[in-house]
Number of protein chains: 2
Amino acid sequence: MERFMEQALEQARNAEQLKEVPVGCVFVYRGDIIANGCNRVNETKNATRHVEFICIDQVLEYATKQGLNYKDVFREVSVVVTVEPCIMCAAALINLNVKEVIYGCRNDRFGGCTVVDVPGLLKTKIPIRGGVRADEAMELLKEFYKGENPSAPVPKTKERR
Amino acid sequence: MERFMEQALEQARNAEQLKEVPVGCVFVYRGDIIANGCNRVNETKNATRHVEFICIDQVLEYATKQGLNYKDVFREVSVVVTVEPCIMCAAALINLNVKEVIYGCRNDRFGGCTVVDVPGLLKTKIPIRGGVRADEAMELLKEFYKGENPSAPVPKTKERR
């Protein structure tokens, strides 16, 4: 999954240019990336447009175009995301019954796997693994928030994630 | 809020006709309903299309049409929903900083206010009140699930909510 995380990090770097919180993600299905993106909260003026929701919509479109049942597709999707999904996104991914979730750095305030154990609460057995290239993912966040507020080296303000 | 809950219950009754899990909702802004609906999970084939997300999108459209900042609008929105929001939806509503949430019956499996205290975890002060016409809301759920599985009088299967 290392190379897919590189793709997710690339998406996070794009986010930074777009002045979005730098979180990137790819959804992998049978070895191929079928969805990718970064947060779109500022662009869409919609605080729920975290990257996971952007990618979920792309998968639904993909399934329709390919004439596949979206539930079958999600069951084989590996979610590779640079930052631990927030509570909302963790619940959404578990609702969709994805194959696995691989994330980079932790989300210390709103993390849906560590701060709140959403998978445990929803009694899912979906494998979840964090810490993949975590330092690079965290560095992007720190840089982003530092630009906003020099006295805040870690993300504590702005959009909740 | 009693009369708005009646409107939400009416939406839930519509859901049942559409073979969606009967959960209805209205969003109230300055005394007017600016968004309403029911779950659209089956119709859209998207497990994240809970009624709260349907209404969120309507508010965004409303704000754009009225030339208002969506954040200002959400700050004055009372969410009136027949069933306690799930974890995903509770997190979304808190992200959007709505004025208050009023719900009918509890969601004993995935409730984002009782099973998991999402508002507490996100350190919000948004007032949340449950139990408004709870029996009627629960009755609709029971009827729906009974139709699917006569041996399951309470909602324990199908879509997670």
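All values derive from a computational prediction rather than experimental measurement.

### Description of the interface of chain A and chain B
Part 1 of the argument: Listed by partner, the interface residues are 23 residues for chain A and 23 residues for chain B.
Part 2 of the argument: Across the chain A/chain B interface, buried area totals approximately 2200 Å², and carbon plus sulfur atoms make up 67% of it.
Part 3 of the argument: Between the two partners, chain A and chain B, sit zero salt bridges.
Part 4 of the argument: Run the count over chain A and chain B and you get zero residue pairs in polar contact (both at pLDDT 80 or more).
Part 5 of the argument: Listed by contribution, the elements that provide at least two residues to the side of chain A that touches chain B are helix H3 (51-66), helix H5 (87-95) and helix H6 (118-121) of chain A.
Part 6 of the argument: Counting residues per element, the side of chain A that touches chain B draws most heavily on H5(A), at six residues.
Part 7 of the argument: By residue class, the composition of the side of chain A that touches chain B is 16 nonpolar, four polar and three charged.

### Focus: the sheet that holds strand E2 (residues 32-38) of chain B
Residues and elements named next belong to chain B.
Part 1 of the argument: The strand order across the open sheet built from five strands is E2-E1-E3-E4-E5, with neighbouring strands paired in mixed fashion. The open sheet is flanked by E2 and strand E5 (128-129), the only strands paired with a single partner.
Part 2 of the argument: Strand direction decides the pairing type here: strand E1 (residues 24-29) and strand E3 (residues 77-83), joined by five bridges, are antiparallel. Counted as the bridge partner of Val26 is Val80 from E3.
Part 3 of the argument: The sheet contacts of helix H1 (residues 2-17) involve E1, E2, E3 and strand E4 (100-105), and relative to E1 the element is tilted by about 145°.

### Structural notes on the packing of aromatic side chains
Each aromatic ring pair is described using two quantities: the centre-to-centre distance and the angle formed by the ring planes.
Residue and element names in this part refer to chain B.
Part 1 of the argument: Overall, the coordinates contain seven aromatic pairs over all chains when judged by the stated rule.
Part 2 of the argument: Both rings, one in Tyr70 and one in Phe74, keep their centres 6.2 Å apart while their planes meet at 90°; by these two values the pair is edge-to-face. Placement of the pair is Tyr70 and Phe74 together in helix H4 (residues 70-74), with a separation of four residues, close to one helical turn.
Part 3 of the argument: Look at Tyr70 and you get buried, because its relative accessible area is 8%.
Part 4 of the argument: A centroid spacing of 5.2 Å and a plane angle of 90° characterise the contact between Phe144 and Tyr145, whose relative ring orientation is edge-to-face.
Part 5 of the argument: With a relative accessible area of 7%, Phe144 lands in the buried category.
Part 6 of the argument: For Tyr145, a relative accessible area of 3% gives the class buried.

### Notes on the relation of the copies chain A and chain B
Part 1 of the argument: In screw terms, the move from chain A to chain B is a rotation of 180° and a rise of 0.0 Å along the axis, fitting with an RMSD of 0.0 Å. The symmetry that links the two subunits is that of a two-fold axis. Closest approach to the rotation axis among the C-alpha atoms of chain A is made by Met88(A), whose C-alpha sits 2.0 Å away.
Part 2 of the argument: The share of interface residues of chain A whose copies in chain B are also at the interface is 100%, consistent with both copies meeting through the same surface.

### Notes on helix H5 (residues 87-95) of chain B
Residues and elements named next belong to chain B.
Part 1 of the argument: Of all nine residues making up H5, nine are buried, and the element is well covered by its neighbours.
Part 2 of the argument: Among all positions in H5, only Ile87, Met88, Cys89, Ala90, Ala91, Ala92, Leu93, Ile94 and Asn95 are buried.
Part 3 of the argument: Once H5 finishes, Asn97 follows within two positions and takes phi at roughly 60°, a positive value.

### What to know about the side chain of Glu100(A)
Part 1 of the argument: Secondary-structure assignment places Glu100(A) in strand E4 (residues 100-105).
Part 2 of the argument: Buried and unpaired, Glu100(A) has Lys99(A) as its nearest opposite-charge partner, separated by 4.5 Å.

### Quick notes on the pattern of salt bridges
All names here are of chain B.
Part 1 of the argument: As enumerated under the stated definition, the model contains 22 salt bridges over all chains in all.
Part 2 of the argument: The salt bridge partner of Arg49 is Asp57, with a shortest N-O separation of 3.0 Å.
Part 3 of the argument: Across the pair Glu61 and Lys65 runs a salt bridge whose closest N-O atoms are separated by 3.8 Å. Of the two residues, Glu61 and Lys65 both sit in helix H3 (residues 51-66), four residues apart, roughly one turn of that helix.
Part 4 of the argument: Judged by its relative accessible area of 67%, Lys65 falls in the exposed class.

Quick notes on the rules
- Residues numbered from 1 in each chain as written.
- Chains lettered and ligands numbered in written order.
- Predicted model: local features only at pLDDT ≥ 70, side-chain atom pairs only at ≥ 80, totals over all residues.
- Heavy atoms only, no water.
- Contact = heavy atoms within 4.5 Å.
- Buried area = accessible area lost by both parts, 1.4 Å probe.
- Salt bridge = Lys/Arg side-chain N within 4 Å of Asp/Glu carboxyl O.
- Polar contact = N/O pair within 3.5 Å; in protein donor to acceptor, adjacent residues only side chain to side chain.
- Helix = DSSP H or I, 4+ residues; strand = E, 2+ residues; numbered from the N terminus.
- Nonpolar A, V, L, I, M, F, W, Y, C, P; charged D, E, K, R; others polar.
- Pairing = 2+ DSSP bridges.
- Axes fitted to C-alpha atoms, helices over the stretch in contact; angles between N-to-C directions.
- Phe/Tyr/Trp six-rings, centres within 6.5 Å; stacked < 30°, edge-to-face > 60°.
- Buried < 20%, exposed > 50% of the residue type's maximum accessible area, 1.4 Å probe, protein only.
- Least-squares fit on C-alpha atoms with pLDDT ≥ 70 in both.
- Lys, Arg positive; Asp, Glu negative; His and termini not counted.

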